[in-house]
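These are the residues of each chain, in order.
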Amino acid sequence: MINDIQFDAAGRLRHFLTIQGLSRELLVRIMNTAESFASVTEQQVKKVPLLRGKTVVNLFFENSTRTRTTFELAAKRLSADVLNVNIATSATSKGESLLDTIRNIEAMQVDMFVVRHAESGAAHFIARHVAPHISVINGGDGSHSHPTQAMLDMFTIRRVKGDFTRLKVAIVGDIMHSRVARSEIIALNTLGAAQVRVVAPKTLLPADAEALGVEVFHDLDRGLEGVDVIMMLRLQKERMSGAFLPNEHEYLDCFGLTEERLGMAKSDAIVMHPGPINRGVEIDSKVADGPSSVVLQQVSNGIAVRMAVMSMLLRGSDEGTIGGSV
Amino acid sequence: MSERRIVIRGGRVIDPANAIDACLPVVIAEGRIVTVGDVPDGFAADHEIDARGQIVCPGFVDLCARLREPGQEHEATIASETAAAAASGVTTLFCPPDTNPVIDTPAVVNLVQERAESAGMARVLPIGALTRGLRGKELSAMSSLKSAGCLAVGNAQRPLENLLILRRAMEYAANCGLLVVIRPDEPYLHNRGCAHEGAVASRLGLPAIPSAAETVAVAQTLALAEQTGARVHFGQLSCSRAVAMIAEAQGRGLAVSADVAVHQLHLTESAIDGFNADAHVNPPFRTEADREGLRRGLAQGSIGAICSDHQPHDLDAKLDAFPSTEAGISSLETLLALTLRLVTERVLNLSAAISRLSRDPAIIMGVDAGTLSQGAKADICLFDPDLEWLARPPVWLSRGRNTPFWGDPFTGGVTQTLLAGRTVYRRFA
């Protein structure tokens, strides 16, 4: 299997690169583990000693404040040592190859890489080449995958909605370039969501989008009709002017989530966004800050979910096994 | 050594140009074919080759193989890659002009040919640059390139600035009697893509190249071929639709031909799954329907030649995130075995398969090669269709080990190659 690389010889989860190829049981176990850490993070003393003596390296080839910070907090709350390496301004810009960068940091006796990179497949490449004792977490690679974001979104949905099998979910926006959307689609389908929709203009949809396991809508009102969960995606600034869309006003008109549009969804629908939000472009402030929004819960859940994934990868227990599904 | 008088005995001779498929001796003297058939009375061979159990056929003519010299000798050299060619039964190969310096002057043409001659493993015929420096702006000195020995001109994988340049270049090439080789790829539609725009690239989130990048370029080029009267050869097709467009133009009598890279006849977009950079090629592997269309075009003859599209790389070229890896496969040494697989899979019969590797590409280029006719150069490939081997050393000779077939078992391998009657490769059992 193509994603066997995520498991060690004993079938334990070794790397966390993509949701593709992970069983429903494993995703549920991640959420259950995250649930136990969520209570930790709500306590006065927020640390547990699970990863004492371990070193986690945040290897960010692409700038990100939020994701890096939550990974850092997650590692620290597990008592791991954390090293932040910002490569966007470092080695590779001096001509060092990706592999050389990895080899050099690897030589510092570290245990885990959290990798963010602008190109799809970077985390797979690194996982294929790291020393056998090192685990790799994909913190977002190109337009491919952002599995911890997907899991924190699933965790947030589960906390609010419970059962996935009755849920209709609409993912709205730039599906083509979104690693978050790709990971969410796989996670939702793996967890048995009743329906996964994507809503986007044709210019922001990948070819054969249906093959990802979704129903495609080009009209936001129809796409939101009767849904339980609305997942908005961030529209990158460089895509707003000309190449993919005429301008941001037209985007807000056609695909922006306003209070009125929210009315198309179920009355108890929740609104999610991976951040950072472009207020007034993909989402109206009244919705982003309104009662349906769970955007801030997503952020705090992100720490618990990342703690769960890190501890499952590094503790070497059987918590990360495939669970007899393979 | 080439003065030697040689008889190859016991082999099954397949020479599509002369419709020969029979067990006959092949008689060679002074580097040329004396006859295929009865050994002439009084012919005293000073060397006999026992070809029992083997196929004896014309040496292969490869329309697209990069040797990386001059300019990229860290990846491969003319000597290393022509040795790989000899081991692959290829005796004549055409190298694209995207060397460094570009093949846009007689001096570079001569340099390549001299180095190939001193290596002495295969005939190397450079394709001249269509535009100066391959920059797509000004015409190259095509007449001088022709005088230096070029039979064709092309712009490799580099774009032309606009269609007016292409029109003028085609007119001028036609005027010089040069074939124009086009790798059809509309640069703006190609954009920064690295994989076929389809289900696999969508799932992997890879920047994608639509089929239209190829079909639009084919349509434009066909219209200009009709306008200018230039002879055009389309290299390394990847889309079923492009094959149909070319077949239609051929049906109208247009002087256009096409080839396909051998790996395109076998692999599809799913080969890149798991971000397998060894399957990163340009044009990309497309759908099963495309592969079937390519196979059909090959069987029907609208695609006249199978080429290797050999692109050896050093190890570093594939060690990066998929979009940053270099495209291309080191493919000379799998050329025959993958072609024979088409015979097993009933796409072509054996004679047609050999023709697509030898006689047909020779006709496209107008080069004196690809036959065992009386008086022809004794460029001969002997292969054992049942030989089993693994794609790895010590068999593997190319510097480039970048192939999705690395380590795979193959059936059918070259046992001996003769260049003008001289043995340039021999497999030791």
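Residues numbered from 1 in each chain as written. Chains lettered and ligands numbered in written order. Predicted model: local features only at pLDDT ≥ 70, side-chain atom pairs only at ≥ 80, totals over all residues.

1. Some words on the overall build of chain A
This is how it is decided: Each helix corresponds to a stretch of at least 4 residues labelled H or I by DSSP, and each strand to a stretch of at least 2 residues labelled E; elements are numbered beginning at the N terminus. Note on method: radius of gyration uses C-alpha positions; expected globular size equals 2.2 Å times residues raised to 0.38. With C-beta atoms placed from the backbone, a residue is labelled by how many other C-beta atoms lie within 10 Å of its own: buried for 20 or more, exposed for 12 or fewer, partly exposed between the two. We call two residues in contact if the C-beta atoms placed from their backbones are at most 7 Å apart.
Counting its secondary structure elements, chain A contains 11 helices and 9 strands. For 326 residues, the compact-globule estimate of 2.2 N^0.38 gives 20 Å, and the C-alpha radius of gyration of chain A, at 19 Å, lies within 12% of that figure. The C-alpha extent of chain A, read off along each of the three principal axes, is 55 × 45 × 40 Å. The buried share of chain A, taken over its 326 residues, is 50%. When contacts within chain A are restricted to residue pairs at least 6 apart in sequence, those whose partners lie at least 24 apart make up 75%.

2. As for the nonpolar core
Rule in force here: By our criterion, buried Ala, Val, Leu, Ile, Met, Phe, Trp, Tyr and Cys residues that link up through C-beta atoms within 7 Å make up a nonpolar core.
Counting 240 residues, the largest nonpolar core has M112, V172, I230 and M310 of chain A together with V26, V153 and V180 of chain B as its most contacted members. Looking at which element gives the most residues to this core, the answer is helix α11 (residues 295–314) of chain A, with 11 residues. Beyond its immediate sequence surroundings of up to four residues, V153 of chain B is in contact with I127, G128, A129, L130, S140, M142, L145, A173, L178, V180 and V181 of chain B.

3. A word on unusual backbone geometry
All names here are of chain B. Going from N100 to P101, the amide bond is cis rather than trans, its omega being 5°. Here P101 lies in the loop between β9 (90–95) and α2 (106–119). At the junction of N282 and P283, the peptide bond is cis and its omega measures out at 0° in the coordinates. By the element assignment, P283 lies in the loop between β17 (256–261) and α9 (288–300).

4. A few points about the domain arrangement of chain A
Residue and element names in this part refer to chain A. Using the following cut-off: Where a domain begins and ends is set by an automatic assignment or by a domain database.
Segmentation of chain A into domains returns domain 1 (4–145 + 302–320) and domain 2 (147–299). Each of domain 1 and domain 2 has a C-alpha centre, and these two points are 26 Å apart. Every contact between the two is made by 25 residues of domain 1 and, on the other side, 21 residues of domain 2. Those elements giving two or more residues to the side of domain 1 that touches domain 2 turn out to be α1 (24–41), β4 (135–141) and α11.

5. As for the environment of L93 of chain B
Residue and element names in this part refer to chain B. Tracing the sequence through the fold places L93 in strand β9. The class for L93 is buried, based on 28 C-beta atoms found within 10 Å. Taking C-alpha positions, L93 is 9.9 Å from I127, a pair spaced 34 residues apart along the chain. Discounting residues that sit within four places of it in the chain, L93 has contacts with D62, A65, A85, A122 and V124.

6. Details of the interface of chain A and chain B
Quite often, the size of an interface is put as the accessible area lost when its parts meet. The cut-off we apply is this: Note on residue categories: nonpolar means Ala, Val, Leu, Ile, Met, Phe, Trp, Tyr, Cys or Pro, charged means Asp, Glu, Lys or Arg, and polar means any other residue, Gly included.
At the junction of the two partners, chain A supplies 23 residues and chain B supplies 19 residues. Looking at the side of chain A that touches chain B, the elements with two or more residues in it are α3 (98–106), α4 (122–129) and α6 (179–190) of chain A. Ranked by the residues each element gives to the side of chain A that touches chain B, the list is headed by α4 of chain A, at 3 residues. When the residues that make up the side of chain A that touches chain B are grouped by side-chain class, the tally is 10 nonpolar, 9 polar and 4 charged.

7. Notes on helix α10 (residues 335–344) of chain B
All names here are of chain B. Within α10, 7 of the 10 residues are buried, which leaves the element mostly enclosed by the surrounding structure. What α10 keeps buried is the set L335, L336, A337, L338, T339, L340 and L342. Against β8 (60–62), β9, β18 (305–307), α11 (350–357), β19 (380–390) and β20 (409–419) lie the buried residues of α10.

8. Regarding α6 of chain A
Quick note on the threshold: Given the number of residues in a helix, its expected span is that number minus one, multiplied by 1.5 Å.
Helix length check: α6 of chain A (12 residues) gives 17 Å between terminal C-alpha atoms against 16 Å at 1.5 Å per residue, within 8%. Burial within α6 of chain A is extensive, with 11 of its 12 residues counted as buried.

9. Some words on the domain arrangement of chain B
Residue and element names in this part refer to chain B. With domains assigned, chain B is organised as domain 1 (6–56 + 376–426) and domain 2 (59–365). The C-alpha-based centres of domain 1 and domain 2 are spaced at 26 Å. Taken together, the 30 residues of domain 1 in the interface contact 40 residues of domain 2. For the side of domain 1 that touches domain 2, the class distribution of residues is 18 nonpolar, 8 polar and 4 charged.

10. Some thoughts on the sheet that holds strand β6 (residues 47–50) of chain B
All names here are of chain B. Formally: Two strands are counted as paired when DSSP detects at least two bridges linking them. Orientation is described by lines fitted to C-alpha atoms, with helices fitted over the stretch in contact, and by angles between N-to-C directions that extend from 0 to 180 degrees.
With respect to topology, 4 strands assemble into an open sheet ordered β5-β4-β1-β6, the strand pairing being mixed. Lying at the two open borders of the sheet, with one neighbouring strand each, are β5 (32–36) and β6. Each strand axis lies, on average, 20° off the axis of its neighbour in the sheet, ignoring direction.

11. A few points about the sheet that holds β19 of chain B
The strands that make up a sheet pair up through hydrogen bonds in the backbone, lying either parallel or antiparallel. Residue and element names in this part refer to chain B. Taking strand neighbours across the sheet as the criterion, the 6 strands line up as β3-β2-β7-β19-β20-β21 in an open arrangement whose pairing is mixed. Among the strands making up the open sheet, the edge pair consists of β3 (20–23) and β21 (422–426). Averaged over all adjacent pairs, the angle separating strand axes in this sheet is 25°, with direction ignored. Across the sheet, α10 lies against β19 and β20, angled at about 125° from β20, the strand it touches most.

12. Re the environment of L332 of chain B
By the element assignment, L332 of chain B lies in the loop between β18 and α10. Setting aside chain neighbours within four positions, we find L332 of chain B in contact with A65, A84, A85, S88, V90, S308, H310 and S398 of chain B.

13. Some thoughts on the confidence of the model for chain B
For clarity, the cut-off: A residue's pLDDT is the confidence the predictor assigns to it, expressed on a 0 to 100 scale.
Across chain B, pLDDT averages 97, with 99% of residues at or above 70. Interface predicted TM-score (ipTM) for the complex: 0.91; the corresponding pTM is 0.93.

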